[in-house]
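Below, each chain spelled out in residue letters.
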Amino acid sequence: MNSSNILSVTTFVYGLSAFLYILSWVFKKQAPGKLALWTTVFGLAGNTAGIILRWIESYQLGIGHAPLSNLYESLVFFSWTIVVIYLFVEKKYKNRTIGAFVAPLAFFAIAYASLSPNISDRIQPLIPALKSNWLIAHVITCFIGYAAFAIAFGISWMYLLKKKDKEGKSQLLDRFPSANMLEELTHQMVMFGFLFLSVGIITGAVWANSAWGRYWGWDPKETWSLITWFVYATLLHAKMMRGWHGKRIAYLSIIGFAAVLFTYFGVNLLPGLHSYGAMGQ
Amino acid sequence: MIKKETSALNRIWKFFTSVRLTVILLLSLAATSIIGTIIPQSGTSSEYFHKYGEFWYKFLSFFDSIFDIFDMYHSWWFQILLLLLTINVVVCSIDRFSATLKIIFIKVPPFNVERFRRMKSKKEFSDNRTPDQLERIYKPLISKGFGYTRVEERENGFCLFAEKWRWTRLGVYVVHLSIIFMLLGGLIGSIFGFEGFVNIPEGESTKSIRLRNTAKEHILNFEIKCEDFDISFYDTGAPKEYRSSLTIIENTKPVIKKDIIVNDPLRYKGINIFQSSYGTLPPEEVTLSFTSRETGMEYKEKAAVNRPVDIPEDLGTFTIKDYRSSAGFKGHNIGEAFIGVLESKTGNNTNILLPLRFPSFDKMRRGDVVIAVASHNHIYYTGLQVTKDPGVWVVYSGFILIIVGCFITFFMSHQRLCVEVSKSGDKSLVMVAGRSSKNKMGMQRKVGIISEKLAKLK
């Protein structure tokens with residue numbers, strides 16, 4: 001059993017957990033909710049084992065490096081961070097309806113890695129530009145940030161749905177946490193993500209300065225990470241403005257995550273230095 | 001008259017203190033930054049012409065002449081946006097700073113019991129013990145979690161105030177200061193620093209580099225000598241390492257020797273030298289081999305570009321015309337190659353491709369003679385990025401400040417707690433309430449936890 005097999009199995013486990021979370025929300029049942037939690041924990045164990053095994057396998061191939069070097073590995077790590085942060089949120093806020101909106105994101109990330117024919121799961125040697133200790137710090141911090149933003153994105157949709165139903169008629173939305181709580185949670189996740197995105201950009205800048213002699217070069221990926229940073233900085237400041245609570249914050253959080261996705265995938269369509277994160281790699 | 005002037009100044013000041021301006025500027029920066037990621041920046045006119053065609057090239061050039069869209073991150077309007085944001089950050093911070101200082105540097109923190117009593121999130125319970133007994137057991141527990149505690153005795157009980165992390169109200173100023181540091185560092189770098197590149201063939205040295213944005217020559221105070229360049233590959237053919245052995249020569253004396261690779265540059269007197277590219281120079285002299293089909297004899301002759309070689313056995317004359325570092329054959333890149341012309345005795349000219357990687361390539365032609373490159377002296381040149389940026393440490397200080405500042409601003413808050421105990425019959429009534437400068441929900445949870453703890457305390 002190699003790491004790719006384990007991660008393929010993990011994909012289906014995450015799919016099942018997303019399904020169970022939705023089932024538990026829609027039918028207001030405790031049993032599938034509990035099952036969903038344990039399925040997710042099981043999936044996380046597989047995800048973790050897959051990442052560690054892949055690391056070991058790379059050493060066995062004689063090209064040892066942390067499994068954070070291409071699109072496949074980053075997607076696998078992305079879903080790992082989403083799940084870890086989500087489990088923390090579920091434990092702290094004791095509400096499983098959030099799982100119905102977040103677990104699918106973790107599933108999509110790893111499913112895209114495992115199932116897309118354009119993404120190779122082969123372990124490749126590091127190209128000279130990536131041979132640096134900054135690689136691990138840069139990728140880990142960026143993806144913790146991205147994962148927190150992904151969760152904020154899911155919760156923002158819940159907030160908008162909840163606000164749409166003013167009279168509180170819908171039984172489905174009744175099971176959500178209160179609108180205030182959802183807004184507060186979005187804010188918490190955005191702050192957490194913002195700190196890590198900042199550290200991610202900074203580690204990238206320091207690395208760029210030691211590899212290419214400049215800490216900032218307006219490369220498309222750099223610029224898009226800054227655009228993302230601007231959007232979330234806007235959100236954090238807009239909260240202090242009158243009339244900018246609630247829906248507008250939720251919209252900004254959704255726009256911010258769209259910017260994250262473009263920074264992550266869209267930039268590969270543009271020319272630049274970060275091409276090793278691209279397809280076919 | 002004077003009054004009018006101050007009110008105009010006041011209005012400008014007011015304009016820059018608004019958070020609305022911050023939001024507008026941040027969104028404008030986000031939106032306009034997209035342009036430069038779609039239109040390649042700092043290209044040459046011919047590159048743009050080639051990419052966009054005549055019509056769109058003219059259209060975009062028109063915009064470029066006003067808005068510098070081909071170098072937008074250095075354009076006047078983008079700089080103005082950054083300048084406005086800087087003024088906004090500075091003015092906002094100054095405007096609120098003195099008020100914050102007054103709150104922070106206070107000898108005796110004021111507490112208003114009424115405000116705690118009015119809080120919806122307060123917790124209340126009753127205890128069988130007397131207020132005096134409770135005071136003795138509550139105080140140590142509360143002072144463990146808070147830096148400052150104070151007890152005020154009341155007629156029928158007491159009031160315990162506690163607080164911590166008052167200074168965290170400064171966090172946001174640290175974040176704003178960090179932005180100033182980064183922008184200032186960037187400015188210092190762009191005024192006093194430079195970014196250049198140079199290609200140095202193996203065995204040669206130079207003082208002169210070319211600046212990246214202006215393409216002007218820049219003379220260094222020392223010479224860089226490239227002793228050797230090496231490239232190694234993985235089994236898959238992907239590049240594994242580019243390595244240049246460099247020597248810095250100052251006043252004809254070598255002062256430093258170092259092998260640089262990508263991610264491990266050479267730094268000397270504030271100037272950084274990075275491995276950035278490489279290439280091969282056309283070999284000056286090569287040895288060609290000619291194998292006669294008829295006799296099977298192989299002849300070796302030295303040759304150079306545009307120097308005709310007479311092939312033995314009257315097989316004709318061969319002249320090397322050109323060297324390509326990457327030649328194409330039927331749509332494939334076959335790497336380095338020579339291109340030459342074979343003139344036969346009868347006067348027929350044949351173009352011949354001699355790829356260095358495939359010595360038997362010419363056999364495919366099925367001519368009277370098979371030509372190949374037997375040996376050649378290969379000279380690499382190393383492509384170095386040479387930079388100087390005295391602003392980098394200012395920027396890095398900004399990096400540290402923003403991390404520390406964000407952490408304080410996001411995850412620490414000024415927390416105040418009030419525990420009021422009053423005698424009611426033979427029982428004591430206990431109220432616990434708490435306020436915080438940020439993260440109200442977190443404080444609510446904390447108040448809940450503390451009140452549960454107090455209720456269970458023996």
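Residues numbered from 1 in each chain as written. Chains lettered and ligands numbered in written order. Predicted model: local features only at pLDDT ≥ 70, side-chain atom pairs only at ≥ 80, totals over all residues. Heavy atoms only, no water.

Peer 1: Sorry, what's going on with the domain arrangement of chain A here?
Peer 2: Many analyses report the size of an interface as the accessible area lost when the parts associate. Residues and elements named next belong to chain A. Structurally, chain A comprises domain 1 (1-123) and domain 2 (126-281). Here domain 1 and domain 2 have C-alpha centroids that lie 19 Å from each other. Counting residues at the interface gives 31 residues for domain 1, matched by 35 residues for domain 2. Interface area for domain 1 against domain 2, summed over the two sides, is near 3,000 Å², with a carbon-plus-sulfur share of 79%. Along the contact surface separating domain 1 from domain 2 lie zero salt bridges. Inspection of the region where domain 1 meets domain 2 yields five residue pairs in polar contact (both at pLDDT 80 or more). Every element with two or more residues in the side of domain 1 that touches domain 2 is listed here: α1 (3-26), α3 (71-93) and α4 (97-115). Take the side of domain 1 that touches domain 2: its biggest share by element is eleven residues, from α3. For the side of domain 1 that touches domain 2, the class distribution of residues is 21 nonpolar, nine polar and one charged. (Domains from an automatic or database assignment. Contact = heavy atoms within 4.5 Å. Buried area = accessible area lost by both parts, 1.4 Å probe. Salt bridge = Lys/Arg side-chain N within 4 Å of Asp/Glu carboxyl O. Polar contact = N/O pair within 3.5 Å; in protein donor to acceptor, adjacent residues only side chain to side chain. Helix = DSSP H or I, 4+ residues; strand = E, 2+ residues; numbered from the N terminus. Nonpolar A, V, L, I, M, F, W, Y, C, P; charged D, E, K, R; others polar.)

Peer 1: Looking at this model, I keep getting lost on the side chain of Ser74 of chain A. Mind explaining?
Peer 2: All names here are of chain A. For Ser74, the position within the fold is in helix α3. Here Leu71 takes part through its backbone oxygen, which lies 3.0 Å from a polar atom of the side chain of Ser74. With residues up to four places along the chain from it excluded, the contact list for Ser74 reads Phe143 and Tyr264.

Peer 1: Would you explain a positive patch on the surface in this entry?
Peer 2: Together, Lys163, Lys164, Lys166 and Lys247 of chain A make up a positively charged patch on the protein surface. Checked against the element boundaries, Lys164 of chain A lands in helix α5 (residues 134-164). (Patch = residues over 30% accessible without salt bridge, like charges linked within 9 Å, V, L, I, M, F, W, Y side chains within 5 Å. Areas by Shrake-Rupley, 256 points an atom, 1.4 Å probe, with all protein chains shown as cover. Lys, Arg positive; Asp, Glu negative; His and termini not counted. Charge placed at Lys NZ, Arg CZ, Asp CG, Glu CD.)

Peer 1: Hey, could you run me through the interface of chain A and chain B in this one?
Peer 2: Every contact between the two is made by 48 residues of chain A and, on the other side, 49 residues of chain B. With both chains or domains summed, chain A and chain B bury close to 4,200 Å², and 72% of this area falls on carbon and sulfur atoms. Summed over the shared surface of chain A and chain B, the number is zero salt bridges. One can count ten residue pairs in polar contact (both at pLDDT 80 or more) joining chain A with chain B. For the side of chain A that touches chain B, the secondary structure elements donating two or more residues are α3, α7 (179-211) and α8 (220-238) of chain A. It is α7 of chain A that contributes the most residues to the side of chain A that touches chain B, 16 residues altogether.

Peer 1: Sorry if this is basic, but what is going on with the nonpolar core here?
Peer 2: Generally speaking, a soluble globular protein has its nonpolar side chains buried in company with each other. Residues Phe78, Ile82 and Trp229 of chain A are the most contacted members of the largest nonpolar core, which totals 126 residues. Discounting chain neighbours no more than four positions away, the residues touching Ile82 of chain A are Val102, Leu105, Ala106, Ala147, Ala150 and Ile151 of chain A. (Core = buried A, V, L, I, M, F, W, Y, C linked by side-chain atoms within 4.5 Å. Buried < 20%, exposed > 50% of the residue type's maximum accessible area, 1.4 Å probe, protein only.)

Peer 1: Looking at this structure, how should I read the pairing of strand β5 (residues 205-211) of chain B?
Peer 2: Regular strands show a simple pattern: their side chains alternate between the two faces of the sheet. Residues and elements named next belong to chain B. Pairing of strand β4 (residues 194-201) with β5, which is carried by two bridges, proceeds in the antiparallel orientation. By the bridge assignment for β5, Gly196 is matched with Leu211. Here β5 pairs with strand β6 (residues 217-233) via five bridges, running antiparallel. Paired with Ile209 across the two strands is His218, which belongs to β6. (Pairing = 2+ DSSP bridges.)

Peer 1: Honestly, a nonpolar patch on the surface in this entry has me stumped. Any pointers?
Peer 2: All names here are of chain B. On the surface, Phe55, Trp56, Phe59, Phe62, Phe63, Ile66, Phe67, Trp76 and Ile80 cluster together into a nonpolar patch covering about 920 Å² of accessible area. With seven residues, the single largest contributor to the nonpolar patch is helix α3 (residues 45-67). Summarising the element assignment, Phe55 is placed in helix α3. For Phe55, a relative accessible area of 58% translates into the label exposed.

Peer 1: Whenever I open this one, the packing of aromatic side chains confuses me. Can you help?
Peer 2: The geometry of an aromatic ring pair is captured by two quantities: the separation of the ring centres and the angle between the planes. Tallied over the entire structure, the rule returns 54 aromatic pairs over all chains. Ring centres of Trp56 of chain B and Phe59 of chain B lie 5.2 Å apart, and the angle between their planes is 85 degrees; on these two criteria the pair is classed as edge-to-face. Taken together, the positions of Trp56 of chain B and Phe59 of chain B, both in helix α3 and three residues apart, correspond to about one turn of that helix. In this structure Trp56 of chain B comes out as partly exposed when scored by relative accessible area, which is 46%. A residue is classified by how much of its surface remains accessible, and Phe59 of chain B, at 38% relative accessible area, is partly exposed. Residues Phe407 of chain B and Phe411 of chain B carry aromatic rings whose centres are separated by 5.6 Å and whose planes lie at 55 degrees to one another, so their mutual orientation is tilted. Taken together, the positions of Phe407 of chain B and Phe411 of chain B, both in helix α8 (residues 392-411) and four residues apart, correspond to about one turn of that helix. Owing to a relative accessible area of 29%, Phe411 of chain B belongs among the partly exposed residues under this scheme. Through a chain of ring-to-ring contacts, the aromatic side chains of Phe77, Phe78, Trp80, Tyr112, Phe143, Tyr146, Tyr264 and Phe265 of chain A assemble into a single cluster. Sitting over the ring of Tyr52 of chain B, Lys51 of chain B keeps its end group 5.6 Å from the ring centre. Lying over the aromatic face of Phe146 of chain B, Lys164 of chain B brings its terminal NZ or CZ to 5.6 Å of the ring centre. (Phe/Tyr/Trp six-rings, centres within 6.5 Å; stacked < 30°, edge-to-face > 60°. Lys NZ or Arg CZ within 6 Å of the ring centre and 35° of its normal.)

Peer 1: Got a minute to help me understand the sheet that holds strand β16 (residues 349-355) of chain B in this structure?
Peer 2: Sheet strands pair via backbone hydrogen bonds, and the direction of the pair is either parallel or antiparallel. Residues and elements named next belong to chain B. Strand order in the open sheet formed by four strands is β13-β14-β15-β16, with antiparallel pairing between adjacent strands. Edge positions in the open sheet fall to β13 (309-311) and β16, since each of these has one partner strand only. Taking each pair of neighbouring strands and ignoring which way they run, the sheet shows an average axis angle of 40 degrees. Strand direction decides the pairing type here: strand β15 (residues 332-343) and β16, joined by seven bridges, are antiparallel. Bridge pairing in β16 places Gly340 opposite Ile352. (Axes fitted to C-alpha atoms, helices over the stretch in contact; angles between N-to-C directions.)

Peer 1: What should I look at first to understand helix α6 (residues 131-145) of chain B in this one?
Peer 2: Every α-helix carries 3.6 residues per turn, so stepping three or four residues along brings you back to the same face. Residue and element names in this part refer to chain B. The terminal C-alpha atoms of α6, which comprises 15 residues, lie 21 Å apart, in line with the 21 Å expected from a rise of 1.5 Å per residue. Of all the bends in α6, the greatest reaches close to 30 degrees and is centred on Tyr138; the proline Pro140 follows between one and four positions later. Buried residues of α6: Pro131, Leu134, Glu135, Tyr138 and Ile142, and no others. Contacts from the buried residues of α6 go to β1 (123-127), β2 (148-154), β3 (157-164), β19 (415-424), β20 (427-436) and α9 (440-456). (Expected span 1.5 Å × (residues − 1). Bend = angle between axes of the 7 residues up to and from the residue.)

Peer 1: Looking at this model, I keep getting lost on the packing of α3 of chain A against α5 of chain A. Mind explaining?
Peer 2: Residues and elements named next belong to chain A. The N-to-C vectors of α3 and α5 enclose an angle of 55 degrees; their axes lie 8 Å apart at closest approach. On the basis of the axis angle, α3 is oblique to α5. For the element pair α3 and α5, the recorded crossing hand is right-handed. Each of Ser74, Phe77, Phe78, Thr81, Ile82, Ile85 and Tyr86 in α3 lies in contact with α5, whose residues at this interface are Val139, Ile140, Phe143, Ile144, Tyr146, Ala147, Ala148, Ala150 and Ile151. Taken together, the residues of the contact of α3 with α5 break down into 14 nonpolar, two polar and no charged. (Parallel < 35°, antiparallel > 145°, perpendicular 65-115°, else oblique. Left-handed = near helix turned anticlockwise from the far one by under 90°.)

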